[in-house]
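Below, each chain spelled out in residue letters.
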Amino acid sequence: MRLRRKPWANDWIQQHPELVISDASQVAQGWRELFGNDNPVHVELGTGKGKFIDEMSRAYPDINFIGMEKYESVLVTGLQRILHDRRENVRFIHGDVLNLFDFFGEKEVDRLFINFTDPWPKNRHEKRRLTYKTFLSLYEKVLKNEQDIHMKTDNQVLFEYSLESMSRYGMILKNISLDLHNSGMEHNIMTEYERKFYQKGQPIYRLEAFFPNDKKEE
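Residues numbered from 1 in each chain as written. Predicted model: local features only at pLDDT ≥ 70, side-chain atom pairs only at ≥ 80, totals over all residues. Heavy atoms only, no water.

Visitor: Hey, could you go over the overall build of the protein for me, with residue numbers and the actual values?
Guide: A count of helices and strands for the protein gives eight helices and eight strands. Taken against the 2.2 N^0.38 rule, which gives 17 Å for 218 residues, the C-alpha radius of gyration of the protein at 17 Å falls within 12% of a compact globule. Dimensions of the protein, computed from the C-alpha atoms along their principal axes, are close to 45 × 40 × 35 Å. Of all 218 residues assigned to the protein, the portion counted as buried reaches 47%. (Helix = DSSP H or I, 4+ residues; strand = E, 2+ residues; numbered from the N terminus. Rg over C-alpha atoms; globule rule 2.2 N^0.38 Å. Buried < 20%, exposed > 50% of the residue type's maximum accessible area, 1.4 Å probe, protein only.)

Structure below.
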């Protein structure tokens, strides 16, 4: 994905610390303290322009949604969406998924979403894939016991890699779909990329996975 640079984006983000967390010290007391309630916490990793998190927060007002994105030029679009129609159950993190554990305490998250992440197709870039074992280790730390990851992608190779990586790590896979939009699944909220692929007739791959309490890694 080629990003269009927005020189003003960082200044815009810095003007809204109530919506965008850029420093882990801002959530030192925990996310439930920041949101002011004990509602479930769902996090989208690589939230992009924020369409998914925006629509999810509208559809499920009793869930707290957090979108994590390292590229300020796309994150600022998500911020603009929320500023246009303020909701108390959505926030953003301006940061890298590698630093996930800096922003969340152990077992603080109820669900993770990985939507249309960069597939990093070259073998030498395997460690950058968000379903590589190093990332799975981070997810295991922040997710509550047996709470799940939902993943969607248009990339068959990444999907197959993710199935194998998660299985080898000892995760339990469920609700696997090789063609989401012909699977009969209800209440699916699409991302911007997903809508584009759907309109082109491309299949969307989806899975859910969780870490069992007695996980045994291969």
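What follows picks up the thread again.
Visitor: Describe the UniProt feature "binding site: S-adenosyl-L-methionine" (unreviewed entry) in the protein, naming the residues involved and giving the relevant values.
Guide: The positions that UniProt labels "binding site: S-adenosyl-L-methionine" (unreviewed entry) are, in the present scheme, E44, E69, D96 and D118. Spanning 75 residues, the annotated positions come together in the fold, the maximum distance between their C-alpha atoms being 14.1 Å. Tracing the backbone shows E69 in strand β3 (residues 64–69). Sequence-distant contacts of E69, defined by excluding residues within four places in its chain, comprise G46, T47, G48, V74, L75, I93, H94 and G95. In this structure the side chain of E69 is engaged in a polar contact, spanning 3.4 Å, whose partner is the backbone nitrogen of T47. Tracing the backbone shows D96 in the loop between β4 (90–94) and α5 (100–103). Discounting chain neighbours no more than four positions away, the residues touching D96 are M68 and K70. Polar side-chain contacts of D96 include one of 2.9 Å to the backbone nitrogen of L98. (UniProt positions renumbered as here; feature names shortened; annotations may be inferred. Contact = heavy atoms within 4.5 Å. Polar contact = N/O pair within 3.5 Å; in protein donor to acceptor, adjacent residues only side chain to side chain.)

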